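Tertiary structure, described
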Amino acid sequence: NAGVTQTPKFRVLKTGQSMTLLCAQDMNHEYMYWYRQDPGMGLRLIHYSVGEGTTAKGEVPDGYNVSRLKKQNFLLGLESAAPSQTSVYFCASSFRGTLFKNEQFFGPGTRLTVL
Amino acid sequence: QKEVEQDPGPLSVPEGAIVSLNCTYSNSAFQYFMWYRQYSRKGPELLMYTYSSGNKEDGRFTAQVDKSSKYISLFIRDSQPSDSATYLCAMSLNRDDKIIFGKGTRLHILP
């Protein structure tokens, strides 16, 4: 099992450009999450999904959009990148339900620089 | 007041020392408490998971929760250079809920 994978690993964008980050998991998890991690700010939740076809806003959703068309994939889009979106982006996934430990499995991260 | 407070460090200790990492929180409804470990340029991974108050031990690691004080701790005994990482505390209201993360404490174990 590959676990949680993220594509790409690194990206440099110019202000105003758009891009999509792809997250894939092969653990049949219902829940998926997108976080950004910045120095001194910790992990902040951008958007999350509790199942295929559903998405919800997290703590810092502005400037981002997401889609969960397939259970195993969760896409994060930046329509018009800004320097403030320079960050490390982590995708995570977890099982749903009280039968399971509330453990999130993280991908390796995408380092995004917006010039 | 932020929901979860954690000293960012860095914390440097000599190899073999006992390390104590701490977090405080404001929401008394939190029931599930976790510690994630994050190595440099990697994603976080779950290290310890506890429910409600009390202690949990796993090898050299002990997680402690004091709900009356809204304070959680992670102790590392016989610390090793391989323990050098960022440790994030995390908590949730229930098993089926979002996790709130602390900002993380950077730990350096000096050989």
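What you are looking at is a predicted structure, and each value in this text was computed from that prediction instead of being measured.

A short note on the confidence of the model for chain A
Mean pLDDT over chain A stands at 94; residues scoring 70 or higher make up 97%. Here strand E5 (residues 42-49) of chain A stands out as the element of chain A with the lowest mean pLDDT, 95, in contrast to strand E8 (residues 73-78) of chain A, whose mean of 98 is the highest.

Concerning the packing of aromatic side chains
What describes a pair of aromatic rings is the distance from one ring centre to the other and the angle between the planes of the rings. A full pass over the atoms with the stated rule returns 13 aromatic pairs over all chains. Summarising the aromatic geometry, the rings of Phe90(A) and Phe106(A) are spaced 6.4 Å apart at their centres and angled 80° between planes, so their arrangement reads as edge-to-face. Taken together, the positions of Phe90(A) in strand E9 (residues 87-94) and Phe106(A) in strand E10 (residues 105-106) put the pair 16 residues apart, joining distant regions of the chain. Take Phe106(A): its relative accessible area is 12%, and that puts it in the buried class. Judged by centre distance (6.0 Å) and plane angle (75°), the ring pair of Phe106(A) and Phe101(B) falls under edge-to-face. Here Phe101(B) lies in strand E10 (residues 100-101) and Phe106(A) lies in strand E10, a pairing that spans two chains. Here a set of aromatic residues connected by ring pairs shows up, and it is made of Tyr31(A), Tyr33(A), Tyr35(A), Phe90(A), Phe106(A), Tyr36(B) and Phe101(B).

Considerations on the interface of chain A and chain B
Contact with chain A, which involves 24 residues of that partner, is made by 19 residues of chain B. Of the roughly 1800 Å² buried between chain A and chain B on both sides combined, carbon and sulfur atoms contribute 54%. In this structure, the connection of chain A to chain B is made through zero salt bridges. Our enumeration of links across chain A and chain B arrives at three residue pairs in polar contact (both at pLDDT 80 or more). Of all the secondary structure elements, the ones that give two or more residues to the side of chain A that touches chain B are strand E4 (31-38) and E5 of chain A. Counting residues per element, the side of chain A that touches chain B draws most heavily on E5(A), which supplies four residues. Here the side of chain A that touches chain B is built from residues that sort into 12 nonpolar, eight polar and four charged.

A closer look at the nonpolar core
Core analysis: the largest hydrophobic core is formed by 23 residues, its most contacted members being Trp35(B), Ile72(B), Leu74(B) and Tyr87(B). Elements represented by at least two residues in this core include exactly strand E3 (19-25), strand E4 (32-38), strand E5 (45-51), strand E7 (61-66), strand E8 (71-76), strand E9 (85-92) and strand E11 (105-110) of chain B.

Focus on the side chain of Glu103(A)
The residue Glu103(A) is located in the loop between E9 and E10 in this model. In this structure Glu103(A) touches Ser93(A), Ser94(A), Tyr36(B) and Leu46(B), once residues within four positions along its chain are discounted.

Regarding the pairing of E3(B)
Residue and element names in this part refer to chain B. Residues Val-19, Leu-21, Cys-23 and Tyr-25 line the buried face of E3, whereas the alternating positions Ser-20, Asn-22 and Thr-24 sit on a face that is not buried. Across two bridges, the pairing between strand E1 (residues 4-5) and E3 is antiparallel. The residue of E3 that forms the bridge with Glu-5 is Thr-24. The sheet contact formed by E3 and E8 spans six bridges and is antiparallel. In the sheet register, Thr-24 faces E8, and the bridge partner there is Tyr-71.

Description of the side chain of Ser73(B)
With respect to the helices and strands, Ser73(B) occurs in strand E8. Residue class for Ser73(B) comes out buried when judged on its relative accessible area of 3%.

Here we look at the pattern of salt bridges
Applying the stated criterion across every chain, the model contains five salt bridges over all chains. Taking the shortest distance from any N to any O, the salt bridge between Arg36(A) and Asp38(A) comes out at 2.9 Å. Judged on exposure class, the residue Arg36(A) and its partner Asp38(A) are both buried. Ionic pairing is found between Asp83(B) and Arg60(B), a salt bridge with its closest N-O pair at 2.8 Å. With Asp83(B) in the loop between E8 and E9 and Arg60(B) in the loop between strand E6 (54-58) and E7, this residue pair connects regions lying 23 residues apart in the sequence. Looking at Asp83(B), the relative accessible area reads 2%, which means it is buried. Several salt bridges share partner residues, and in doing so they unite Arg36(A), Asp38(A) and Arg44(A) into one network.

Calculation notes
- Residues numbered from 1 in each chain as written.
- Chains lettered and ligands numbered in written order.
- Predicted model: local features only at pLDDT ≥ 70, side-chain atom pairs only at ≥ 80, totals over all residues.
- Heavy atoms only, no water.
- pLDDT = per-residue confidence, 0-100.
- Helix = DSSP H or I, 4+ residues; strand = E, 2+ residues; numbered from the N terminus.
- Phe/Tyr/Trp six-rings, centres within 6.5 Å; stacked < 30°, edge-to-face > 60°.
- Buried < 20%, exposed > 50% of the residue type's maximum accessible area, 1.4 Å probe, protein only.
- Contact = heavy atoms within 4.5 Å.
- Buried area = accessible area lost by both parts, 1.4 Å probe.
- Salt bridge = Lys/Arg side-chain N within 4 Å of Asp/Glu carboxyl O.
- Polar contact = N/O pair within 3.5 Å; in protein donor to acceptor, adjacent residues only side chain to side chain.
- Nonpolar A, V, L, I, M, F, W, Y, C, P; charged D, E, K, R; others polar.
- Core = buried A, V, L, I, M, F, W, Y, C linked by side-chain atoms within 4.5 Å.
- Pairing = 2+ DSSP bridges.

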